[in-house]
2 protein chains.
Amino acid sequence: MAVRLLNMSRFARLSRPLLRTTRQYSGAAASVDGSYTGPDMKTTVPGPKSKELFGDLMKIQQAGGVQYFVDYNKSQGNYLVDADGNVLLDLFGQVGSIPLGYNHPAIKERITSQGIDTLVNRPALGCFPPTDYAQTLQDALLSVAPKGMSEVMTLMCGSCANENAFKASFISFMDRQRGGPVNPSAEEYASALYNKGPGCPKLSVLSFKGAFHGRLLATLSCTHSKVIHKLDIPALDWPCAPFPQLKYPLDQFVRENQQEEKKCLEEVEDNFSTSQKNGVPIATAIIEPIQAEGGDKHASPEFFEGLQTICKKYGASFMVDEVQTGCGGTGYMWAHEAWDLPEPADFVTFAKKMQIGGFYYTSERRTNEAFRIFNTYVGDHMRTVVLGAIVNEMTKRQLLGQVKETGEVLLTGLQKLETTI
Amino acid sequence: MAVRLLNMSRFARLSRPLLRTTRQYSGAAASVDGSYTGPDMKTTVPGPKSKELFGDLMKIQQAGGVQYFVDYNKSQGNYLVDADGNVLLDLFGQVGSIPLGYNHPAIKERITSQGIDTLVNRPALGCFPPTDYAQTLQDALLSVAPKGMSEVMTLMCGSCANENAFKASFISFMDRQRGGPVNPSAEEYASALYNKGPGCPKLSVLSFKGAFHGRLLATLSCTHSKVIHKLDIPALDWPCAPFPQLKYPLDQFVRENQQEEKKCLEEVEDNFSTSQKNGVPIATAIIEPIQAEGGDKHASPEFFEGLQTICKKYGASFMVDEVQTGCGGTGYMWAHEAWDLPEPADFVTFAKKMQIGGFYYTSERRTNEAFRIFNTYVGDHMRTVVLGAIVNEMTKRQLLGQVKETGEVLLTGLQKLETTI
């Protein structure tokens, strides 16, 4: 049996005017200060200008993922303005990369005051950082670090963040095996250059069914959400445990859900002991606080604490992937703060709304040697400057509290709706 | 035997005033228009201000790779100004990421004219590109594309570029095996989610001894230059062929070098046939035009053409890693243009001086389906805008010609020096 995969672009699918009903929202004007008071649709989406630009782009790359083209200059707050002048209420926020809405004045002010030197010049941040580097990392990242984490490494995107955190977890795992900083044997030294053991050891990362951790080769091996991401790409044969499939409403399925989580943790422990027996120990488990691509799947704080305990028992790292959940969307800066763990995670990774990729880590997980977690750019200082403005605004306006309040209103409303249908 | 690895930072190593002789260059002043006329050393390097900033940074990350801190605002042309006001003649260019010198006015002008909308807002370029997107890719990247290559994909950094090009090569390899666009069997479909074959096939990438292709897990498996990069990181068991070790002066070792290259190509072909026999066919060979980290190793155009021929024979892609060599440093925009290949490479990857990572590819290597070579950010439009200014300046001022002229003066001088010693 052949299975058909999505290969039509939004442009092909939307060539019929599916969005003709959007006309009903038309007529909302921009307010005096330039912000929009509502959606304002002038064409179907994608409109003629977007279609023309799409034609140009398709000539030079596979651009089938493009939905429409955007006028970022005219977009404002929650409203995105497309190439055809349509004003759309944006609930998607650039795949979750816009935490404060479009063209926030605080971001513009920060760029003006801090300057664009590191945009004009491309620094190798790991060798020649700008003078304001440590202070910028402090303001943008450490001021909102998860409890117990005092160190941070910036990288380029979410996959890059996760994959470098894997590397750091492998290095620290081997350090712990050796009982100290790296002092490799001649055999380790000679074998590593050509991908052989013992220099390149057999180690694995445990991930969960339905997980999404990125699209580079190692992170893709930990991603189990959609076939099209993985098909035809060779993978590392790393273990995969079930993520709890809870039943709702939670208060009606307390016992069933406890059993489900217990069963999942038993499978996690099975994976750890089997991997160890097979000579490919698990160096780290990676998990999302909420599976997003995997279908909005949640688990209890007890489940995550149980996972942390098993990691500790086997000398592995506990890594929380907050690429989607980080930066305030849950009412906590980091979704995993809601679990109130007895001790911090070993690694917390981020990207998307944080403007750059990277990871927090505990001091125990710092590599002893320089240049082991490294590349030429090591992140993008201009993006960290932007993040500094975002974090400052979140703190000053107590936005996490607002997210919590709004979330409660929405949840209560949805629960009420549920009982009235 | 234990082997000692570099684990001291430059700060520890340079705590003695090794650079005290730099005083002899002191006294060169800035010219009237703000550019520098020579180095001007005020302290040893790193100076007291750099040391203080280093102390701050070391508290929040493993910063042992840092050499000194930089005042990017004051740096100009070939002169880098550090945190202590030392003016240094910069021959390192941020690990090769500064093609036109510091604070080039053309870059500033371009940023002013094109605007910073995509810095203030972080677009998901693969879904919602800005209206000037195709035009910017055209100006910055396709106007200088290697001959025969009409498509380009932007990504984040060099490793990310290579690893995504690997993915594109795997997808196109499997498409060719199937004899058409993806139409997976139910078995392929079901197995891919959990890293199993046939959905996740056994495929490999051929790299060369001494190569450096990056530090993510798959690219690190193709990197064979320094042990410290690879130690303790699990690797894919992919094949590795010898890179020619030529003898100099070339005109005195013509026969020996021809034999050396022939021998290397025979080993390449052995690798292809063995990998095929073992059921892990090579989907792509990746090679640098000049091995840099590997020790300034060159090979003849005939060698590279021979490699391309073998790739074609086995239905594999021929991938040229121009992360270090691209963007004009050899007097060609792309170093491999000097080989005058009978047909284009299948993939050419770039980063560093190009400001962003990415790869060119031939139309035959385009994936039929959207979202297969994809991530949230898909590059950084602001960096592509900067690249547009750089490329325009290179063309307008015929800088490639200048590089060739200067290179000839230097080479002739060095050859003369060689015979006079």
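The present account deals with the structure reproduced in this document. If you're wondering where the values come from, they're calculated on a predicted model, not measured in any experiment. The residue count restarts for each chain, going from 1 along the sequence in the order it is written. Chains carry letters and ligands carry numbers; both start at the beginning, A for chains and 1 for ligands, and go up in the order they are written. Note on the predicted model: pLDDT of at least 70 is required for a residue's local features to be given, and 80 or more for side-chain atom pairs to be given and counted; whole-chain, interface and lining totals, by contrast, use all residues. As a rule here, side-chain values come from all non-hydrogen atoms in the structure, and water together with hydrogens is ignored.

Helix and strand counts for chain A stand at 14 helices and nine strands. For this measure, only C-alpha atoms enter the radius of gyration; the expected value for a globule follows 2.2 Å times N^0.38, where N is the number of residues. For 421 residues, the compact-globule estimate of 2.2 N^0.38 gives 22 Å, and chain A sits close to it at 23 Å. In terms of overall dimensions, chain A has a C-alpha envelope of 70 × 55 × 50 Å along the principal axes. Only protein chains enter the accessibility calculation, which uses a 1.4 Å probe; a residue is then buried when its area is under 20% of its type maximum, exposed when over 50%, and partly exposed in between. By residue count, 57% of the 421 residues in chain A fall in the buried class. Considering only intrachain contacts with a sequence separation of at least 6, the fraction spanning at least 24 residues in chain A is 70%. With an accessible surface of roughly 17,300 Å², chain A has 53% of that area assigned to carbon and sulfur atoms. Residues counted as positive are Lys and Arg, residues counted as negative are Asp and Glu, and His and the chain ends are not counted. The atoms used to mark charge sites are NZ of Lys, CZ of Arg, CG of Asp and CD of Glu. If you average the places of the 42 positive and of the 45 negative side-chain charges in chain A, the two averages end up 6 Å apart. For helices the rule is a DSSP run of H or I covering at least 4 residues; for strands it is a run of E covering at least 2, with both sets numbered from the N terminus onward. Every residue pair with non-hydrogen atoms within 4.5 Å of one another is taken to be in contact. Method for areas: the Shrake-Rupley scheme with a 1.4 Å probe, in which residue coverage is limited to the protein chains shown.

In this section: the interface of chain A and chain B. How big an interface is tends to be expressed through the accessible area that disappears when the partners come together. Contact with chain A, which involves 132 residues of that partner, is made by 132 residues of chain B. Here chain A packs against chain B, burying approximately 11,900 Å² in sum over the two surfaces, 61% of which is carbon and sulfur. Salt bridge, as used here, is a side-chain nitrogen of Lys or Arg placed within 4 Å of a carboxyl oxygen of Asp or Glu. Applying the counting rule to chain A against chain B returns eight salt bridges. Between Arg372 of chain B and Asp232 of chain A there is a salt bridge, with the nearest N and O atoms lying 3.2 Å from each other. Accessible area that two parts lose when put together, with a 1.4 Å probe and added across both, is what the buried area reports.

Attention shifts here to helix α2 (residues 48-60) of chain B. Residues and elements named next belong to chain B. Between its first and last C-alpha, α2 extends 19 Å over 13 residues, near the 18 Å set by a 1.5 Å rise per residue. Those residues of α2 that fall on the buried side of the exposure criterion are Ser50, Leu53, Phe54, Leu57 and Ile60. Looking straight down α2, one finds its buried side chains confined to an arc of 115°; they lie on one side. Turned more than 90 degrees off the buried face of α2, the exposed positions are Pro48 and Lys59. What a helix is expected to span follows from its residue count: subtract one and scale by 1.5 Å. An arc is given here, and it is the one of the directions from the helix axis to the C-beta atoms.

What follows deals with the sheet that holds strand β7 (residues 317-321) of chain B. Residue and element names in this part refer to chain B. Ordered by their spatial adjacency, seven strands build an open sheet running β3-β9-β8-β7-β6-β4-β5, and the pairing between neighbours is mixed. Each end of this open sheet is capped by a strand with a single partner; those strands are β3 (151-155) and β5 (240-241). Whether two strands pair depends on DSSP finding at least two bridges between them. By the bridge criterion, four bridges tie strand β8 (residues 347-350) to strand β9 (residues 357-361) in an arrangement that is antiparallel. Following the sheet pairing, Thr349 is matched in β9 by Phe359. The convention used is that axes are lines fitted to C-alpha atoms, helices contributing only their stretch in contact, and that angles between N-to-C directions extend from 0 to 180 degrees. The strands touched by helix α11 (residues 254-277) within the sheet are β4 (204-208), β5 and β6 (282-287), with β4 carrying the most contacts at an inclination of about 160°.

With that settled, consider the packing of helix α6 (residues 133-140) of chain A against α2 of chain B. When two helices pack together, their arrangement is given by the angle between their axes and by how far apart the axes lie. Relative orientation of the contacting elements α6 of chain A and α2 of chain B amounts to 35°, with a least axis distance of 8 Å. As for the relative orientation of α6 of chain A and α2 of chain B, their crossing is left-handed in sense. Contacts between α6 of chain A and α2 of chain B involve Tyr133, Ala134, Leu137 and Gln138 of chain A from the former and Asp56, Leu57 and Ile60 of chain B from the latter. The sense of a crossing depends on the near helix, which, turned anticlockwise from the far helix by less than a right angle, makes the crossing left-handed and, turned clockwise, makes it right-handed.

Overall, the coordinates contain 42 salt bridges over all chains when judged by the stated rule. Salt-bridge contacts for Asp380 of chain B lead to Arg383 of chain A; the nearest nitrogen and oxygen are separated by 2.8 Å. Here Asp380 of chain B, found in the loop between β9 and α13 (381-396), pairs with Arg383 of chain A, found in helix α13 (residues 381-396), and the two come from separate chains. Residue class for Arg383 of chain A comes out buried when judged on its relative accessible area of 1%. Ionic pairing is found between Lys312 of chain B and Glu343 of chain B, a salt bridge with its closest N-O pair at 2.8 Å. A residue pair is termed long-range when its members are at least 10 positions apart, and Lys312 of chain B in helix α12 (residues 301-313) and Glu343 of chain B in the loop between β7 and β8 qualify at 31 residues. Classification of Lys312 of chain B as exposed rests on a relative accessible area of 56%.

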